[in-house]
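Each chain, written out:
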Amino acid sequence: MAQVLKVNLPFDLRTSHDNDLFYKTAHEKQIFILPYCNSCDQYFWPGAFICQHCGSTDVEWKEASGHGKIYSHVEGRFPFHKAIKEHLPIAICSVTLDEGPRVFGRLVNYGDIEKVSCDAPVHLVWLQDDEKGCTIMGFELD
Amino acid sequence: MDRTELRNKYSIVGVGYTPQGIVPGRSAASFYLEASMNAINDAGLKKEDIDGLILYRDFPILKGDAFHHTANVVTYSLGIRPKFLSQESYCYRTNINKAMGAIENGTCKYVLIVFAESGRTGRRTWTDEIDTFGNQPYDEYAAYGNISAFTNYAMFARRAMHEHGTGPDLWADIAVAHRKWANLNPNAIQYNKPLTKADYLATPFLSWPFRALDATASTDGGRAIIITTTERARELKNPPIMIRGYGSANDTSKGWQLTPGDPASSAVVAGREAFEMAGLGPKDIGAAQIYDCYTYTVEATLGDYGFFEKKKARDFMTVENIGPGGEFPVNTGGGLLSEGYYMGMTPIAEAVMQMSERCGDRQLGVMPGTRLPEFMIVSDNGGFYRSNETLILERGK
């Protein structure tokens, strides 16, 4: 099970009927699940009513590894909104998971951003905000 | 349908500018009206001739405006009663497609496309959707700290560093070349403000690997163009600037999902369709006006159009090649980066002005060492590079 780090997030987490289960499972059970299509046997992201590959509605959430490779990453150093100022610098990344989909997350414990390589292997850590009552995806270099 | 039948059937016949840059005390509505009337006058039309109106896209309203700028409100003050009316709610690129379509299907004769903003004095932050919803984010990614277009384009560019060997050294040249063009354009916001590569490199990263100079900035003002058939255009006062080739593609999804080098990107698809309709290739094109919301966007677009192999961008994207006096002039008014942010109206208006030889000190064919191009390529992109309209323009007689 992925490690949990306590954090203060810059904004509330806006969820929808299509991803509520993902974030609820993350917050309450710290289990990483991905949308999965039973018709074409592929994972996809983000969660949706139909499979993005084949259009089938035979989709469910299935536990996944949380392992992958960084696709891209940046480090925000400027307060584009006043509420983010105290959280800077803040690094974000996209990660190609071993299961296939590319997901979005915070990059944590990375040192010097300019020395982090694309395609570096990473694993999931949960970033939990007790005050806001939510948990989001973070990634740490293996 | 054989799209080559539409080759040079449509033309751009008028361009409307307004005061621009920092223009306090003016509503966005006022710029919509002024830019529209200036385009109508430039074309030698009466406002009653305009039977199609396209407001470029909708943005949240800012201080200084009493109402939301929807197309049906602007028509009332403009005193016109169009048959075709349209405005995108988001960042898709369909304006030229709709304008030509509304004429082709017999609904309209003259379609006006206009964009206006009071974003500079109105302090648009590009995160205002957060505040619009009462400090509630508008998507799940804000909680992760991803709240600006800047960040998404920086992610796109950072992956391209890995894939194609680009980076700040090349983007500095793009920023400097645009500034050199702007220094020749008295309308440009960055006129009289020279920029060197050392200046660029000395500025801090706002979102590594991008600096402020990698991005366009909000502005006040408006800009408009008018499209009609080339047959009607020949009766008007300006030389028709003909649409020889046109392509569009509107791909899906969020900026962080962008994939540099995607062989089916919107720019690749729209560019290929425009070249096919025009019966031309990159070697036939004499200059380009490229949607340059960010420095890297120019490199990505020209690479996707096939002007160079992506790993050889460094050889093509030099100040000497794309700047004033260069072999392949790009964004000759200074572009969105240094002239002014009027979305796709910035590149298309500059293309029309160049092709009709109205560009003063920066006029191609007049500046030493330059030629007036026979064909010019123009791009408009939106939705984090996911939407693209491409035009190949030719001067008509």
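Reading the values: the criteria
- Residues numbered from 1 in each chain as written.
- Chains lettered and ligands numbered in written order.
- Predicted model: local features only at pLDDT ≥ 70, side-chain atom pairs only at ≥ 80, totals over all residues.
- Heavy atoms only, no water.
- Buried < 20%, exposed > 50% of the residue type's maximum accessible area, 1.4 Å probe, protein only.
- Helix = DSSP H or I, 4+ residues; strand = E, 2+ residues; numbered from the N terminus.
- Phe/Tyr/Trp six-rings, centres within 6.5 Å; stacked < 30°, edge-to-face > 60°.
- Lys NZ or Arg CZ within 6 Å of the ring centre and 35° of its normal.
- Pairing = 2+ DSSP bridges.
- Contact = heavy atoms within 4.5 Å.
- Polar contact = N/O pair within 3.5 Å; in protein donor to acceptor, adjacent residues only side chain to side chain.
- Salt bridge = Lys/Arg side-chain N within 4 Å of Asp/Glu carboxyl O.

Caption draft 1: Geometry of helix H14 (residues 345–355) of chain B. All names here are of chain B. Most of H14 is tucked away: 11 of the 11 residues are buried. Inspection of H14 places Met345, Thr346, Pro347, Ile348, Ala349, Glu350, Ala351, Val352, Met353, Gln354 and Met355 among the buried residues, and these make up the whole buried set. Residue Glu357 follows H14 closely and has a positive phi angle near 55 degrees.

Caption draft 2: Broad picture of the packing of aromatic side chains. Applying the stated criterion across every chain, the model contains 31 aromatic pairs over all chains. Relative to B:Phe115, the ring of B:Phe59 has its centre 6.1 Å away and its plane inclined at 75 degrees; by these criteria the two rings are edge-to-face. With B:Phe59 in the loop between strand E2 (52–57) and helix H2 (71–78) and B:Phe115 in strand E4 (residues 111–118), the pair connects residues that are 56 residues apart, well separated along the chain. Using a relative accessible area of 10% as the deciding quantity, one classes B:Phe59 as buried. Judged by its relative accessible area of 0%, B:Phe115 is buried. Here B:Phe307 and B:Phe328 contribute two aromatic rings whose centre-to-centre distance is 4.9 Å and whose plane-to-plane angle is 45 degrees, an arrangement assigned as tilted. Taken as a pair, B:Phe307 in the loop between helix H10 (295–305) and helix H11 (313–316) and B:Phe328 in the loop between helix H12 (319–322) and helix H13 (335–338) lie far apart in primary sequence, 21 residues in all. As far as burial versus exposure is concerned, B:Phe307 and B:Phe328 are alike and both buried. These aromatic residues form a ring-pair network of at least three members: A:Phe78, A:Phe80, B:Phe150, B:Tyr153, B:Phe156, B:Trp171, B:Phe210, B:Tyr294, B:Tyr296, B:Phe384 and B:Tyr385. The residue whose ring lies beneath A:Lys62 is A:Tyr36, and the NZ or CZ to ring-centre distance is 3.8 Å. Between the NZ or CZ atom of A:Arg102 and the centre of the ring of A:Tyr71, over which it lies, the distance is 3.6 Å.

Caption draft 3: Molecular detail of the sheet that holds strand E2 (residues 33–37) of chain A. All names here are of chain A. Here 3 strands make up an open sheet; going across it, the order is E3-E2-E4 and the pairing antiparallel. Whereas interior strands pair on both sides, the edge strands pair on one side only; in this sheet they are strand E3 (42–43) and strand E4 (59–63). Inspection of the sheet shows E2 paired to E3 by 2 bridges, in the antiparallel sense. In the strand pairing of E3, Cys37 is matched with Gln42.

Caption draft 4: Region of the structure containing the environment of B:Arg223. All names here are of chain B. Tracing the sequence through the fold places Arg223 in strand E7 (residues 220–229). Residue contacts for Arg223: discarding those within four places in its chain leaves Gly16, Tyr17, Gln20, Ala35, Ile113, Val114, Phe115, Glu339, Tyr342, Met345, Thr346 and Ala349. Separated by 2.6 Å, the side chains of Arg223 and Gln20 make a polar contact.

Caption draft 5: Representation of the pattern of salt bridges in the model. Residues and elements named next belong to chain B. Tallied over the entire structure, the rule returns 27 salt bridges over all chains. Here Lys310 ties to Asp304 by a salt bridge, and the two come within 3.2 Å at their closest N and O atoms. On the accessibility criterion, Lys310 (24% relative accessible area) is partly exposed. Residue class for Asp304 comes out buried when judged on its relative accessible area of 10%. Counted as one network, the salt bridges with shared partners bring together Asp169, Asp173, Lys197 and Arg314.

These figures come from the coordinates and say nothing about function on their own.
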